[in-house]
Amino acid sequence: MSTDDRTPDEPVDIELDVVAHHQPDQVARDAAAADDLARAAGYSDEALETLRMVTAEDDEITDEQRAVRDKTAKSMMLVGIRTVVVRALGLLGTIFLARLLSPADYGVVALGLTLVVLGRFFADGGVAPGLIRREEPPSRHEYGALLGFQQVVLWPITIVASILCFTVFDLGGTAGSATVSLMLVATIIDVMRSANSIAAERDLEYTPIVRAEIVEFAVYNVLAIGLVAGGTGIIGVGIANIARSLTGSGLVILWGPLKWVRLGWDFKVIKALARFGIFFQLSWLATLFRDQGLALILAAVSGRASLGAFDQARRLLVIVTLVFESAWRVGLPGLARMMEAGAAPKMLFQRGLGLAGVAMTFPVVGLVATCHWLVPFLLGDGWRETTLLIPWVGAAIMLTMPIATIISTLLWARDEPKKVFYMGMPALIGTLAIGAVAMTRYDAVGAGIGLTAGGVIYVASCIYYATDVFGMKSIPQFLGPILAATGASFAGYFVGRAVGGGDLPGVLVSGTVSIAVLLVLLMVLARSAATDLWRFAGKARS
């Protein structure tokens, strides 16, 4: 019966009528009655929404939220595969090129990469994440304005840096200068894919991006190794970079949703996005300043040996950060689309924090529990400082990375980049100050102490600046994985010491015991989050 067919004496239940418009009438009335009973028993609307999202597999969330969740899971799996493949290709390329190039030539390549990273940082300007985050889809005019802005930024950087390479810097002659110039030109070609990449990421369709990036890095490695081995010398690396950028940008444009987008210029469009972009970039700059500042202080206070131990610890911890690279990349569009679909930010934070915390425990525990045997097994004797440093860095990662990943992307999705920047500043100051003091007595381990102290300060900043999402109900989601990781790491270490043996048996015993204990502790201390992670991984696999 429609509302127009009712008699004047019939009651009008608008809410049930709306719900029944999408479901069979009796099902809608049963659901509404269940909600009424739950509210009468003291359940808030927020608690009901959380219950629907977490308990059953699919039935308690809307079709739109379920579609976004499944696409997010698939995207994280795709980006994770991409990360592993690209890192593996990069490692192989590094090994072969290191044998073909002299250390001086390899230093030229490293300088070129540094300039490329700086160029991309300024060219992005935080504008692209601003377009990914917002609810309204960007127009082709806005995409064209973004491409125009990136070209305006990159061309002067490329020209000035190239002139300096040929006239001021000593890069081993014309070949070295030309190589760096070609690498900078490649970044100009790279950004031509930005519009299609943003449009694909907004829709959580990462397949064309992942395919293009894997193909382009394969092309780069084959050409770079082949050209250098064939006698071109270092300039072969520059030529391979041009081929890589042409391949990657061409494929993203070919496979992307927008195809070719014409360059444009609109200062008003860029200015409107600049407020978000500035604070977005400042947050990343603060993280970079923390890491590099800590290394510089360590070198000044404790010397090169301690800096080497610190650098090796960071290299070993790459396996930990690999887990979260896909979360950083997919998290912003995923959370933004979930909120557009009606999911509450506090619920997203609590559930996401649990998922991230549990996911982080496995690589951290595996590395911390085995580091006493793993470091000498991989690096040889003489790296005791690295062994002592890893547990401190692992603790800092468990404190900061899960919560930083979720709360930063959530606040970016809510158009609150200023909060993200402000939350990071006390931790930055605390890390450098406490680390500098600790280094005077504990050398490289002091840097780890500074990172751990900075992690505690960061958590306090999150509670202060994001009280609307970080409430008391978030504490179990935050502490459960940390306590489980701590207990499992100690168990693996002590059992490994008790069993004894060489480095390889120690790695196997401590690693096996720590992961087994971790699984048990997660079921006790973070059961719901561990179950959610298993379901989420199932969605990704399917």
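What counts and how
Residues numbered from 1 in each chain as written. Predicted model: local features only at pLDDT ≥ 70, side-chain atom pairs only at ≥ 80, totals over all residues. Heavy atoms only, no water. Helix = DSSP H or I, 4+ residues; strand = E, 2+ residues; numbered from the N terminus. Buried < 20%, exposed > 50% of the residue type's maximum accessible area, 1.4 Å probe, protein only. Contact = heavy atoms within 4.5 Å. Areas by Shrake-Rupley, 256 points an atom, 1.4 Å probe, with all protein chains shown as cover. pLDDT = per-residue confidence, 0-100. Core = buried A, V, L, I, M, F, W, Y, C linked by side-chain atoms within 4.5 Å. Axes fitted to C-alpha atoms, helices over the stretch in contact; angles between N-to-C directions. Parallel < 35°, antiparallel > 145°, perpendicular 65-115°, else oblique. Nonpolar A, V, L, I, M, F, W, Y, C, P; charged D, E, K, R; others polar. Patch = residues over 30% accessible without salt bridge, like charges linked within 9 Å, V, L, I, M, F, W, Y side chains within 5 Å. Salt bridge = Lys/Arg side-chain N within 4 Å of Asp/Glu carboxyl O.

A.B. asks: Where do I start with the overall build of the protein in this structure?
C.D. replies: Broken down by element type, the protein carries 21 helices and zero strands. Expressed as a percentage of its 542 residues, the buried residues of the protein come to 48%. Across the protein, the fraction of contacts at a sequence separation of at least 24, relative to all contacts at a separation of at least 6, is 81%. Accessible area of the protein: about 25700 Å², with a carbon and sulfur share of 67%.

A.B. asks: Would you mind going over the confidence of the model for the protein with me for this structure?
C.D. replies: In regions of low pLDDT, the predicted coordinates are not meant to be interpreted in detail. Here the protein shows a mean pLDDT of 82. Residues at 70 or above account for 87%. Least confident of the elements in the protein is helix α1 (residues 14-20), whose mean pLDDT is 38; most confident is helix α11 (residues 235-255), at 95. Contacts from residues 1-28, a stretch scored under 50 in pLDDT, to residues over four places away or in other chains number 14 contacts. Segment residues 50-60: pLDDT under 50, and 21 contacts once partners within four positions in sequence are set aside and those in other chains are kept.

A.B. asks: Sorry if this is basic, but what is going on with the nonpolar core here?
C.D. replies: Ranked by size, the top nonpolar core spans 107 residues in total, and within it Phe-310, Phe-349, Ile-390, Ile-397, Ile-407 and Tyr-458 carry the most contacts. The contact partners of Ile-390, leaving out residues within four places of it in the chain, are Ala-313, Leu-316, Leu-367, Val-368, Cys-371 and Val-375. Ranked by size, the runner-up nonpolar core spans 17 residues in total, among them Ala-161, Leu-171, Val-180 and Met-183.

A.B. asks: What is the right way to look at the packing of helix α7 (residues 140-167) against helix α8 (residues 174-190) in this model?
C.D. replies: If you want to describe how two helices pack, look at the angle between their axes and the distance between the axes. For the pair α7 and α8, interaxial distance at closest approach is 9 Å and the crossing angle is 175°. In this view, α7 runs roughly antiparallel relative to α8, as classed from their interaxial angle. Touching Gln-151, Leu-154, Trp-155, Thr-158, Ala-161, Ser-162, Cys-165 and Phe-166 of α7 are Thr-174, Ser-177, Ala-178, Val-180, Ser-181, Leu-184, Val-185, Thr-187 and Ile-188, all from α8. Here the contact of α7 with α8 is composed, by residue class, of ten nonpolar, seven polar and no charged.

A.B. asks: Could you clarify how one ought to interpret a nonpolar patch on the surface in this entry?
C.D. replies: Side chains of Leu-479, Leu-483, Val-520, Met-523, Val-524 and Leu-525 sit close together on the surface and give an oily, nonpolar patch of about 520 Å² of accessible area. Secondary-structure elements contributing two or more residues to the nonpolar patch are α19 (474-499) and α20 (503-525). Counting residues per element, the nonpolar patch draws most heavily on α20, which supplies four residues. Within the element layout of this structure, Leu-525 appears in helix α20.

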